[in-house]
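# Remarks on the overall topology
What follows is the residue order along each chain.
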Amino acid sequence: IWTEKYRPSKFGDVVGQEDVIKRVQALTNSLNIPHLLFAGPAGTGKSTLALIVVKDLFKENWRENYLELNASDERGINIVREKVKNFARTKSIGNVPFKIIFLDEADALTPEAQQALRRTMENYSATCRFILSCNYSSKIIDPIQSRCALFRFKLLEKKDIEKIIKKIGEGEKLTITPEAMEVIYEGSEGDCRRCINLLQSTSSVSPSITANLVST
């Protein structure tokens, strides 16, 4: 899947979100990140940036120090009480004194589950940092918002999407017309994941990507 194959693995590889990247990288370099809240539309790099932070912090030990959960799959209070607590209460491996839990689509958690999460964040702040991802920060309860550094992600601009399309085009030996580039950008609506999926599905028909081919 191209979304995984071309997923950035370093801060310098991320396209768009320049201000967010700069601030998050500075926090990561300090080795003392707060809880982070990434808010914004789908396909704008929230999950990717969380993974980059983890890999940069923990290097080869990143898998042992990282727990990823999707809150929309596991909405109840038990997921917070069990999986999160069990992971958060054990010591990290390596030089960084905390582990990281990435909770994707955190705005899908019930208010009760968010209250449980807030208590867990308080109880295990010495050994664990949370990165929460959501589409709407307004759906996250205030006590959690106040414990996190908030970063707002924007839909990618045309120049960003074009950069991604060109990179994949070179990597996959595709010929992409400027008109096709325009149609892919309009179809993606600034969502990087949608842009890459559209390009991959079109390329399965032909390596010569035209506007007509994308539109069919």
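Look up a bit, the structure's there.
This one's a predicted model, so the numbers in the text were calculated from it and none came from an experiment.

## Structural notes on the pattern of salt bridges
Counting across every chain of the model gives nine salt bridges. Among the ionic pairs, Glu 172 bridges to Lys 5, the shortest N-O distance being 2.6 Å. Placement of Glu 172 in the loop between helix 7 (158-171) and strand 6 (175-176) and of Lys 5 in helix 1 (residues 2-5) is noted, with a sequence separation of 167 residues between them. Residue class for Lys 5 comes out exposed when judged on its relative accessible area of 55%. Residue Arg 194 pairs with Glu 189 through a salt bridge whose shortest N-O separation is 2.9 Å. By relative accessible area, Arg 194 is classed as partly exposed at 38%. Of the residues examined, Glu 189 reaches a relative accessible area of 52% and is grouped as exposed.

## Here's the deal with the state of the cysteines
Tallying each qualifying case throughout the model produces zero disulfides. Distance from the sulfur of Cys 134, which forms no disulfide, to the nearest cysteine sulfur (Cys 148) is 9.3 Å. Cysteine Cys 192 is unpaired, with the sulfur of Cys 195 as its nearest cysteine sulfur at 5.6 Å. For Cys 192, a relative accessible area of 18% corresponds to the buried category.

## Structural notes on the nonpolar core
Ile 101, Leu 103, Leu 117, Phe 130, Leu 132 and Ile 144 are the most contacted members of the largest nonpolar core, which totals 27 residues. Broken down by secondary-structure element, the contributors of at least two residues to this core are strand 1 (35-39), strand 2 (66-70), helix 4 (77-88), strand 3 (99-104), helix 5 (111-123) and strand 4 (128-134). Per element, the largest residue contribution to this core is five residues, and it comes from helix 4. Formed by 24 residues, the second largest nonpolar core is a distinct cluster that contains Val 53, Phe 58, Phe 102 and Phe 151.

## Looking at the side chain of Ser 203
For Ser 203, the location among the structural elements is in helix 9 (residues 192-203). Not counting residues within four places of it along the chain, the set of residues in contact with Ser 203 comprises Trp 2, Leu 174 and Ile 209.

## A closer look at helix 9
Look at helix 9: 17 Å from first C-alpha to last across 12 residues, which is about the 16 Å you get at 1.5 Å a residue. Among the residues of helix 9, Cys 192, Cys 195, Ile 196, Leu 199, Thr 202 and Ser 203 are the ones counted as buried. All buried residues of helix 9 fall inside an arc of 130 degrees around its axis, so they share one side. Taken together, the buried residues of helix 9 touch helix 1, helix 7, strand 6, helix 8 (178-188), strand 7 (208-209) and helix 10 (211-215). For helix 9, the N-terminal cap is Asp 191; the gap from its side-chain oxygen to the backbone nitrogen of Arg 193 is 2.9 Å.

## Notes on the packing of helix 2 (residues 18-29) against helix 3 (residues 46-58)
At a minimum axis distance of 10 Å, the contact between helix 2 and helix 3 shows a crossing angle of 25 degrees. By the angle between their axes, helix 2 is roughly parallel relative to helix 3. Between helix 2 and helix 3 the crossing geometry is right-handed. For the pair formed by helix 2 and helix 3, the contact residues are Val 20, Ile 21, Val 24, Thr 28 and Asn 29 on the first element and Leu 49, Val 53, Asp 56 and Leu 57 on the second. When its residues are assigned to classes, the contact of helix 2 with helix 3 shows six nonpolar, two polar and one charged.

Criteria and cut-off values
- Residues numbered from 1 in each chain as written.
- Predicted model: local features only at pLDDT ≥ 70, side-chain atom pairs only at ≥ 80, totals over all residues.
- Heavy atoms only, no water.
- Salt bridge = Lys/Arg side-chain N within 4 Å of Asp/Glu carboxyl O.
- Helix = DSSP H or I, 4+ residues; strand = E, 2+ residues; numbered from the N terminus.
- Buried < 20%, exposed > 50% of the residue type's maximum accessible area, 1.4 Å probe, protein only.
- Disulfide = S-S within 2.5 Å.
- Core = buried A, V, L, I, M, F, W, Y, C linked by side-chain atoms within 4.5 Å.
- Contact = heavy atoms within 4.5 Å.
- Expected span 1.5 Å × (residues − 1).
- Arc of directions from axis to C-beta.
- Polar contact = N/O pair within 3.5 Å; in protein donor to acceptor, adjacent residues only side chain to side chain.
- Axes fitted to C-alpha atoms, helices over the stretch in contact; angles between N-to-C directions.
- Parallel < 35°, antiparallel > 145°, perpendicular 65-115°, else oblique.
- Left-handed = near helix turned anticlockwise from the far one by under 90°.
- Nonpolar A, V, L, I, M, F, W, Y, C, P; charged D, E, K, R; others polar.

By themselves, these observations are geometric and do not establish any function.
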